[in-house]
Amino acid sequence: MCTTCGCDDKDNKTTFHLHLDHEHEHHDHDHEHTHDHFHPHHHGHDHNHHQSKTITVEKDILSKNQLLAERNRGYFEAKNILALNIISSPGSGKTTLLEKTIKALNHASVFVIEGDQQTSNDADRIEKAGAPAIQINTGNGCHLDAQMISTAYKKLEVAENSTLFIENIGNLVCPSLFDLGEQFRIVMMSVTEGDDKPAKYPTAFLYAQVCIINKIDLLPYVDFSMEKAKEYARVVNPKIRFFEISAKTLEGFDKWISWLKKPE
Amino acid sequence: MHELSIAMSILDIVKDYAEKENATEVTEIEIELGSLSGVVSESLVFALEMACKNTISEKAEIKIIEIKAEAKCKHCNQIFELENYFAPCPECKNSGYEVLRGKELQVKSLKIEQ
Ligand SMILES: Nc1nc2c(ncn2[C@@H]2O[C@H](COP(=O)(O)OP(=O)(O)O)[C@@H](O)[C@H]2O)c(=O)[nH]1
Ligand SMILES: [Mg+2]
Ligand SMILES: [Zn+2]
Ligand SMILES: [Zn+2]
Ligand SMILES: [Zn+2]
């Protein structure tokens, strides 16, 4: 089993599908897979010579991921790459947002890392929209981690002075625990999901700098209070910045695009 | 599922320390878990027990120290237990606070046999 993402490396490989030249490469991810187990040696006549000992550890469980994330962040900063990590429930509109954003940025230097458990549909969509994309399939893994990102941006050959979007696996639980080395984390929700999303998944909103509320074209048809949603999110994270948009009609898109050009 | 990945990270740390100490067996793993950490205690114990099989920690007792979140009210400075992010200050009933603790997710200590 993989020590970073918990995936089972026997029949559940994390694979990377590169969409640069329409070729699909399948690679095993190169996490550290430690399969050497400890085999204590029992010497026949050595009874009761064992010593018990308590060791103080005090080590953060996510520290290894954190370390790799900082390394990614250093790389992105050195190359002037703006890395953005987008998390949401499935279907909030992450891929649609990216398709429209790529077009709005007029194919300026944009790269996309797509996370999905099984398919490469999203990377196909991004490629059609005009940006190089790499698909990470995590199998049973329910989030992207810093190691996967490190492998992916190297394969994708992300250019200097570019924007790198990372579409995380669709769920609001564990992607929020794993720093990928992004400069900005964007949590997305859509008006069809209910205005209490931040109350149900506070951690997702806690570590994000930006909250995109999507599908505002559907506001007339759903029971969703924009004020309530924002209030919930602000309780968890008073500094979070909101963009209310429709990735379908492009309402509210201007503000989002101008922020992207000068993010803060 | 993400508890399994957390469990694997824990065993990674345990293995590092156990090897450094030439341990033959790990008999106890003590974990500090804040109520705002995003990790559910029962699921983590379950995942850890599964992940410990056939490792040096096979027989380890899993001890979870649950840390209740504590916050300081921004209005009246009252320090109070934060049941959830949306609970108001019990003293002045305002919301707006600073979280003091509750996000812990840490391997605290190990007991080993040498
Ligand atoms: N009405 C409406 N539908 C949208 C909007 N954005 C996305 N969708 C639809 O929502 C569905 C899920 O979108 P997708 O981008 O695949 O979501 P993802 O799972 O977060 O990547 C698709 O059918 C989209 O066409 C929007 O702003 N308005
Ligand atoms: Mg998608
Ligand atoms: Zn893995
Ligand atoms: Zn996960
Ligand atoms: Zn108060």
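Conventions used here
Residues numbered from 1 in each chain as written. Chains lettered and ligands numbered in written order. Predicted model: local features only at pLDDT ≥ 70, side-chain atom pairs only at ≥ 80, totals over all residues. Heavy atoms only, no water. Donors = N, O, S within 2.8 Å, 3.2 Å for Na, K, Ca; no water. Helix = DSSP H or I, 4+ residues; strand = E, 2+ residues; numbered from the N terminus. Buried < 20%, exposed > 50% of the residue type's maximum accessible area, 1.4 Å probe, protein only. Pairing = 2+ DSSP bridges. Right-handed = clockwise from strand over helix to strand, strands pointing away. Salt bridge = Lys/Arg side-chain N within 4 Å of Asp/Glu carboxyl O. Contact = heavy atoms within 4.5 Å. Buried area = accessible area lost by both parts, 1.4 Å probe. Polar contact = N/O pair within 3.5 Å; in protein donor to acceptor, adjacent residues only side chain to side chain. Nonpolar A, V, L, I, M, F, W, Y, C, P; charged D, E, K, R; others polar.

1. Some words on the coordination of the zinc ion (ligand 4)
For a metal with four tetrahedral donors the ideal donor-metal-donor angle is 109.5 degrees, whereas six octahedral donors ideally subtend 90 or 180 degrees.
Residues and elements named next belong to chain A.
Step number 1: Looking at the zinc ion (ligand 4), the protein donor atoms are Cys142 (SG), His143 (ND1) and Cys174 (SG), and they sit 1.9 to 2.3 Å from it.
Step number 2: The sequence pattern formed by the donor residues of the zinc ion (ligand 4) is C-H-x30-C. Residue histidine 143 is located in the loop between strand E5 (133-137) and helix H4 (146-156), and its partner cysteine 174 is located in the loop between strand E6 (163-167) and strand E7 (184-190); the two are separated by 31 residues in the primary sequence.
Step number 3: Overall, histidine 143 belongs to the buried group, its relative accessible area being 1%.

2. Here's the deal with the pairing of strand E2 (residues 61-67) of chain B
Within a regular strand, the side chains alternate between the two sheet faces.
All names here are of chain B.
Step number 1: One ladder, built from seven bridges, connects strand E1 (residues 25-34) with E2; its direction is parallel. Of the residues in E2, the one forming a bridge with glycine 34 is isoleucine 67.
Step number 2: Crossover E1 to E2 through helix H2 (residues 41-52) is right-handed.

3. Details of the pattern of salt bridges
Step number 1: Applying the stated criterion to the full structure yields 16 salt bridges over all chains.
Step number 2: We note a salt bridge from Glu193(A) to Lys197(A), for which the minimum N-O separation is 2.8 Å.
Step number 3: Residue Lys197(A) is classed as buried on the basis of its relative accessible area, which comes to 11%.
Step number 4: Across the pair Lys15(B) and Glu19(B) runs a salt bridge whose closest N-O atoms are separated by 3.2 Å.

4. What to know about unusual backbone geometry
Residues and elements named next belong to chain B.
Step number 1: With phi around 60°, asparagine 54 is a residue other than glycine that occupies positive phi space.
Step number 2: Structurally, asparagine 54 is set in the loop between H2 and E2.
Step number 3: Judged by relative accessible area, asparagine 54 falls into the exposed class, the value being 54%.
Step number 4: Positive phi, normally seen in glycine, also occurs at asparagine 77, with a value near 65°.

5. Topic: the interface of chain B and chain A
Reports of interface size often rely on the accessible area that becomes lost once the parts have come together.
Step number 1: Each partner contributes residues to the interface: chain B has 37 residues there, and chain A has 43 residues.
Step number 2: Around 3700 Å² of area is buried between chain B and chain A when both sides are counted, 63% of it from carbon and sulfur atoms.
Step number 3: Run the count over chain B and chain A and you get three salt bridges.
Step number 4: Between Lys108(B) and Glu58(A) there is a salt bridge, with its nearest N and O atoms 3.2 Å apart.
Step number 5: Our enumeration of links across chain B and chain A arrives at 12 residue pairs in polar contact (both at pLDDT 80 or more).
Step number 6: Broken down by secondary-structure element, the contributors of at least two residues to the side of chain B that touches chain A are helix H1 (2-20) and strand E6 (105-113) of chain B.
Step number 7: The greatest single-element share of the side of chain B that touches chain A, amounting to 12 residues, is contributed by H1(B).
Step number 8: The class makeup of the residues in the side of chain B that touches chain A is 19 nonpolar, 10 polar and eight charged.

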